[in-house]
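Residue-level listing of the chains:
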There are 2 protein chains.
Amino acid sequence: MIDPVFLDTPLYRCEALEPALGCAVSIKLETANPVRSFKARGTEVVASQLAEHGSRAVVCASAGNLGQALAWSGRGRGLDVTVVASRFAPAAKLDRIRALDARVELVDGDFDLARERAAAVARHDGIRLVEDSLDLETCEGAATIGLELVGPELVGPEPVDTAPSFDAVLIALGGGALATGVGHVVKALAPGVEVICVQPLGAPAMTLSWRGRRVVTTDATNTIADGVAGRRPIPAVLADLLLVADDAVLVQEASIIAGMRMLLDHAGLVVEPSAALGIAAILEDRDRFAGRHVVTIVCGSNVDVDAYHRWVGPASTRRP
Amino acid sequence: MIDPVFLDTPLYRCEALEPALGCAVSIKLETANPVRSFKARGTEVVASQLAEHGSRAVVCASAGNLGQALAWSGRGRGLDVTVVASRFAPAAKLDRIRALDARVELVDGDFDLARERAAAVARHDGIRLVEDSLDLETCEGAATIGLELVGPELVGPEPVDTAPSFDAVLIALGGGALATGVGHVVKALAPGVEVICVQPLGAPAMTLSWRGRRVVTTDATNTIADGVAGRRPIPAVLADLLLVADDAVLVQEASIIAGMRMLLDHAGLVVEPSAALGIAAILEDRDRFAGRHVVTIVCGSNVDVDAYHRWVGPASTRRP
């Protein structure tokens, strides 16, 4: 059901990053596609099923990437797409959603308020609500990344089981679709690979929930990593995460920016803050990863250009 | 013979670029691999053959990317690799070649002087000289990009011939390996697709040769596109190029920088100047491409970070 343009994404060692990180690092790159994030793997599944069942419309709340992906997947299948987002979401993300012919509705609050509003729209209009991380399709889509990381290799006519060459995978943790989807596959097919979720200190709700084994909400978020900034973990997603995550760590904003800059300077990759969480985690705990081989999923590159330049530009122009 | 990490690279529409360019644009991305350019497709072929025949050493001249690729391919096969380069080559490229355990010899001149020196090393040491664009392996490697663009699609058990959705391909033109390799495949399998080579006005030797149908050399080059800056076209490569190129165009430095900036701002891609030649060609001749669907091969991303920031940074920090 997933357009091949979103599948079999690059996976490669990036040795230029390694001297500074003290471990072997491989990149799983989810940005070289029409929506510049991994989210279309899930929206392709959702939109295919809706189109098959004759649906005409769909709504979601989004920090930006899910909305862009749903707009892309819906447009190709004749679906009317509505995306509810925070008015504080990056303009670049909102502009791309509109350019893909979706209707954007902004709420004067954060992502969790957008979720409430999207649910209301769905009830009122009688249309399908796509709930990121709760709806299994969004997790299954992300899980295909896991299959590409640890699944049987297709060499010759028969699939061949090969042990992955890496021993840990670093996954950005927001609502949990990416972490539970990839984590489920990794734990099923390569249980020896450590599944480490990474979240900003400024948006720690899911990590605190994972640590406490019960839902912990927060009053606010304070992070540049807009893609993972939620306050209210979904109980069912937490339950899944407890089954598949080996650890959940929190990182500082300065480490996220340092990670973005390293990916630009040494890997030639533009990434959004959420996609630098894995590198940030290595930077904050080099001893843990020393000598190991780590995969980090570079999950999105949708940034506002001006903010990006402020974060990663030459020292003379960097602002706090 | 080619490590799969270099094959089946992303090919995708980039709609965010299209309003400014006035045509449909697809990206063939050759930067998301261990050497950040397409060159390893060719060096994998060369190094495989050398290893098979028991060779222990190899030398090439390089503007930087071929050397890095040969170093990578040779290291994995136990070959001693020597790369001769101009001392004006980007430090980032030279550093990466050294980091891959190759010996770097610098000449106090440009790429064409490095070619002479590499030939002397090969004669003196009795080892294989890899001549970019002249040696067919380097063209065949590049040609695999063409197969991925216009070759039969593997959907289901049998390959299926499908007409490509695009009608022109824009190819950076330097020594000619990329242009003749990709051009040969495109003209053989999809003769209706226009093959357009793009070179900087500041390094026009091959384009002038193509136009004059005889080798034209120049005294100097003056371009930031270090990857394609040659003065002395190779006659046999020109002969091949005359068979497969529909056009060869020259673009200004300002257009190359504008192309790099557009790829960063609208596609989230870091590219070296040579990889922006295709976008530069569209910018300089919008009428020619209006309403068409164009593929541009983003052939490399090895840039010096400081130079890159100068070229594409925020307006306040841009220097001429």
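Residues numbered from 1 in each chain as written. Chains lettered and ligands numbered in written order. Predicted model: local features only at pLDDT ≥ 70, side-chain atom pairs only at ≥ 80, totals over all residues. Heavy atoms only, no water.

Moving on to the packing of aromatic side chains. Residue and element names in this part refer to chain A. Tallied over the full model, the rule gives two aromatic pairs over all chains. Both rings, one in Phe-6 and one in Trp-72, keep their centres 4.9 Å apart while their planes meet at 90°; by these two values the pair is edge-to-face. Residue Phe-6 is located in the segment before β1 (11-13), and its partner Trp-72 is located in helix α3 (residues 65-75); the two are separated by 66 residues in the primary sequence. Taking the relative accessible area as the measure of exposure, Phe-6 reaches 1% and is therefore buried. (Phe/Tyr/Trp six-rings, centres within 6.5 Å; stacked < 30°, edge-to-face > 60°. Helix = DSSP H or I, 4+ residues; strand = E, 2+ residues; numbered from the N terminus. Buried < 20%, exposed > 50% of the residue type's maximum accessible area, 1.4 Å probe, protein only.)

Bringing the sheet that holds strand β10 (residues 194-200) of chain A into the picture now. Residue and element names in this part refer to chain A. With respect to topology, six strands assemble into an open sheet ordered β1-β2-β12-β9-β10-β11, the strand pairing being mixed. With partners counted over all chains shown, the strands left at the sheet margins are β1 and β11 (247-251), one partner each. Each strand axis lies, on average, 25° off the axis of its neighbour in the sheet, ignoring direction. Judged from the five bridges that link them, β10 and β11 form a sheet pairing that is parallel. Across the sheet, Pro-200 pairs through a bridge with Val-251, a residue of β11. Relative to strand β9 (residues 168-172), helix α7 (residues 177-189) is tilted by about 160°, and along the sheet it contacts β9, β10 and β12 (293-298). Where helix α11 (residues 277-284) meets the sheet, its contacts fall on β2 (24-29), β9, β10, β11 and β12, and the angle it forms with β11 comes to roughly 85°. (Pairing = 2+ DSSP bridges. Axes fitted to C-alpha atoms, helices over the stretch in contact; angles between N-to-C directions. Contact = heavy atoms within 4.5 Å.)

Each copy superposes on the other: chain B lies on chain A with an RMSD of 0.0 Å after a rotation of 180° and an axial shift of 0.0 Å. Viewed as a symmetry operation, the transformation between the two copies matches a two-fold axis. The fraction of interface residues of chain B whose copies in chain A are also interface residues reaches 100%, indicating that both copies meet through the same surface. (Least-squares fit on C-alpha atoms with pLDDT ≥ 70 in both.)

Residue and element names in this part refer to chain A. The domain boundaries assigned to chain A delineate domain 1 (4-37 + 136-317) and domain 2 (40-130). Taking the mean C-alpha position of each, domain 1 and domain 2 sit 23 Å from one another. On the side of domain 2, 23 residues touch domain 1, which itself brings 28 residues to the contact. Regarding the contact of domain 1 and domain 2, the summed buried area is about 2,000 Å², with carbon and sulfur atoms giving 50% of it. At the junction of domain 1 and domain 2, the tally comes to seven salt bridges. Put simply, Arg-41 and Glu-30 hold a salt bridge, and the shortest N to O gap is 3.0 Å. Linking domain 1 with domain 2 are 17 residue pairs in polar contact (both at pLDDT 80 or more). By residue class, the composition of the side of domain 1 that touches domain 2 is ten nonpolar, eight polar and ten charged. (Domains from an automatic or database assignment. Buried area = accessible area lost by both parts, 1.4 Å probe. Salt bridge = Lys/Arg side-chain N within 4 Å of Asp/Glu carboxyl O. Polar contact = N/O pair within 3.5 Å; in protein donor to acceptor, adjacent residues only side chain to side chain. Nonpolar A, V, L, I, M, F, W, Y, C, P; charged D, E, K, R; others polar.)

Once that is clear, we can look at the interface of chain B and chain A. With 29 residues of chain B at the interface, the matching set in chain A holds 29 residues. Approximately 2,200 Å² of surface area, both sides summed, lies buried where chain B meets chain A, with 60% of it carried by carbon and sulfur atoms. In this assembly, chain B and chain A are joined by two salt bridges. For the pair chain B and chain A, the interface holds four residue pairs in polar contact (both at pLDDT 80 or more).

It is worth spelling out unusual backbone geometry at this point. Trans peptide bonds make up the majority, and among non-glycine residues the majority have a negative phi. Residue and element names in this part refer to chain A. Phi is positive for Asp-101, close to 75°, though the residue is something other than glycine. By secondary structure assignment, the location of Asp-101 is in the loop between α4 (91-99) and β5 (103-107). Residue class for Asp-101 comes out exposed when judged on its relative accessible area of 60%. One non-glycine residue, Arg-213, adopts positive backbone phi at about 55°. Within the fold, Arg-213 resides in the loop between α8 (205-212) and α9 (235-244).

In this structure, Leu-17 of chain A together with Leu-17 of chain B are the most contacted members of the largest nonpolar core, which totals 146 residues. If we ignore the near neighbours within four places in the chain, the residues touching Leu-17 of chain B are Val-25, Ile-27, Met-262, Leu-263, His-266, Ala-267 and Ile-279 of chain B. (Core = buried A, V, L, I, M, F, W, Y, C linked by side-chain atoms within 4.5 Å.)

A few words on the environment of Arg-96 of chain A. For Arg-96 of chain A, the location among the structural elements is in helix α4. A residue is classified by how much of its surface remains accessible, and Arg-96 of chain A, at 17% relative accessible area, is buried. C-alpha separation for the pair Arg-96 of chain A and Asp-167 of chain A, spaced 71 residues apart in sequence, amounts to 36 Å. Contact partners of Arg-96 of chain A, with chain neighbours within four places excluded, come to Gln-68 of chain A together with Glu-15 and Ala-16 of chain B.

Residue and element names in this part refer to chain B. Mapped onto the secondary structure, Lys-93 falls in helix α4 (residues 91-99). It is 29 Å that separates the C-alpha atoms of Lys-93 and Trp-210, two residues lying 117 residues apart in sequence. Ignoring sequence-local partners within four residues, the contact set of Lys-93 consists of Ala-63, Gly-64, Asn-65, Asp-226, Gly-227, Glu-272 and Asn-302.

Residue and element names in this part refer to chain B. The strand order β1-β2-β12-β9-β10-β11 describes an open sheet built from six strands, whose pairing is mixed. Every other strand in the sheet has two partners, leaving β1 (11-13) and β11 (247-251) as the edge strands with one partner each. Strand-to-strand twist across the sheet, computed as the mean angle between neighbouring axes with direction ignored, equals 25°. Strand direction decides the pairing type here: β1 and strand β2 (residues 24-29), joined by three bridges, are antiparallel. Note on β2: the bridge partner recorded for Leu-11 is Lys-28. Sheet contacts for helix α7 (residues 177-189): β9 (168-172), β10 (194-200) and β12 (293-298); angle to β9, the most-contacted strand, approximately 160°.

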